[in-house]
Amino acid sequence: DRADDDLAFAEAGKIGKVTVNGVLLDVSWLPWEQLAHAESHAVLASLLRFGQVTHDHDGDLSRLHQGVIARFASSEMVTMRLHDMRHRIYSGLAVNSSHLSQPEQVMNWLFPATLATHMPLVAACAPLTVRKRFLAAKQVMPPTDYESLLDLYGFANAVPAEAQRWLNETRTLF
């Protein structure tokens, strides 16, 4: 299933949602300076380690890509990426969104709150994912630790029918 692929462009271009050959892309532009410390950046390092460079006119991105791959599993880089992910969680949860609508407040809380699922992925040097983060975390965690993670979110005793009901109710909010 290729429904959770990420694309990043390291040069200027159109930003936003774009359809290419029937595939909806959400394109982000990153200035080169932001890539300077990519190996210690949890998301960028994952993109570079598990992704591929499809076009690189001067070779800089390919060299960065190879450098990230070479040092990705080093304890120093893993520790730095864990620190980066922890910072993302704390700073995301600290944002005051009281001026936003209730659905926007939920989304502002939901994304950083569920980044805790990325901590075991970073520690295991596994690819980060957005839509499949709970399943990916389950693959790298001992069962008892995964149950604790689910309990953290109130999902420990959830049954499939209840999860489907939650999804159906959430759909009406957004």
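Computed from a predicted model, the values in this text were never measured in an experiment.

**Student:** Sorry if this is basic, but what is going on with helix α7 (residues 143-152) here?
**Tutor:** The periodicity of an α-helix, 3.6 residues per turn, causes residues three or four places apart in sequence to face the same way. If you check which residues of α7 are buried, you get Y146, L149 and L150. The arc that holds every buried residue of α7, seen down its axis, measures 100°, which confines them to one face. Along α7, exposed side chains directed more than 90 degrees from the buried face belong to T144, D151 and L152. Just downstream of α7, G154 is the residue with a positive phi angle, here 80°.

**Student:** Mind showing me how you'd approach the nonpolar core here?
**Tutor:** By size, the foremost hydrophobic cluster in this structure holds 12 residues: A42, V78, L82, M85, I89, L115, M119, L121, V122, A126, L128 and A136. Of all the secondary-structure elements, those providing two or more residues to this core are α3 (75-93) and α5 (118-123). Not counting the four nearest positions on each side in its chain, V78 is found in contact with F72, A73, V122, A123 and C125.

**Student:** Please explain the packing of α3 against helix α4 (residues 102-113) as it appears in this structure.
**Tutor:** To characterise two packed helices, one gives the angle between the axes of the helices and the distance between these axes. Taken N-terminus to C-terminus, the directions of α3 and α4 make an angle of 160°; their axes are 8 Å apart at the nearest point. Between α3 and α4, the angle falls in the class roughly antiparallel. In the packing of α3 onto α4, the handedness of the crossing is left-handed. Of the residues in α4, those in contact with R88, I89, G92 and L93 of α3 are N108, W109, P112 and A113. Classifying every residue of the contact of α3 with α4 gives 5 nonpolar, 2 polar and 1 charged.

Cut-off values and rules
- Residue numbers here run from 1 along each chain, matching the order of that chain's written sequence.
- Given that this is a predicted model, residues contribute local features only at a pLDDT of at least 70 and side-chain atom pairs are listed and counted only at 80 or more, while totals for whole chains, interfaces and linings are drawn from all residues.
- Values reported for side chains reflect all heavy atoms of the structure, with hydrogen atoms and water molecules removed beforehand.
- Any residue under 20% of the maximum accessible area for its type is buried, any over 50% is exposed, and the rest in between are partly exposed; the area is computed with a 1.4 Å probe on protein chains only.
- A run of H or I in DSSP counts as a helix once it spans at least four residues, and a run of E counts as a strand once it spans at least two, with each numbered from the N terminus.
- The arc in question is formed by the directions pointing from the helix axis toward the C-beta atoms.
- Take the buried Ala, Val, Leu, Ile, Met, Phe, Trp, Tyr and Cys residues and link them wherever side-chain atoms come within 4.5 Å; each set so joined is a nonpolar core.
- Only heavy atoms enter the contact rule, under which two residues are in contact if any of them lie within 4.5 Å.
- Fitting a line to C-alpha atoms yields each axis, with helices limited to the stretch in contact; the angle taken between N-to-C directions then spans 0 to 180 degrees.
- Should an angle fall under 35 degrees it is taken as roughly parallel, and over 145 as roughly antiparallel, whereas 65 to 115 is taken as roughly perpendicular and any remaining angle as oblique.
- Take the far helix as the reference: if the near one is turned anticlockwise from it by less than a right angle, the crossing is left-handed, and if turned clockwise, right-handed.
- Throughout, the ten residues Ala, Val, Leu, Ile, Met, Phe, Trp, Tyr, Cys and Pro are labelled nonpolar, Asp, Glu, Lys and Arg are labelled charged, and all others, Gly among them, are labelled polar.

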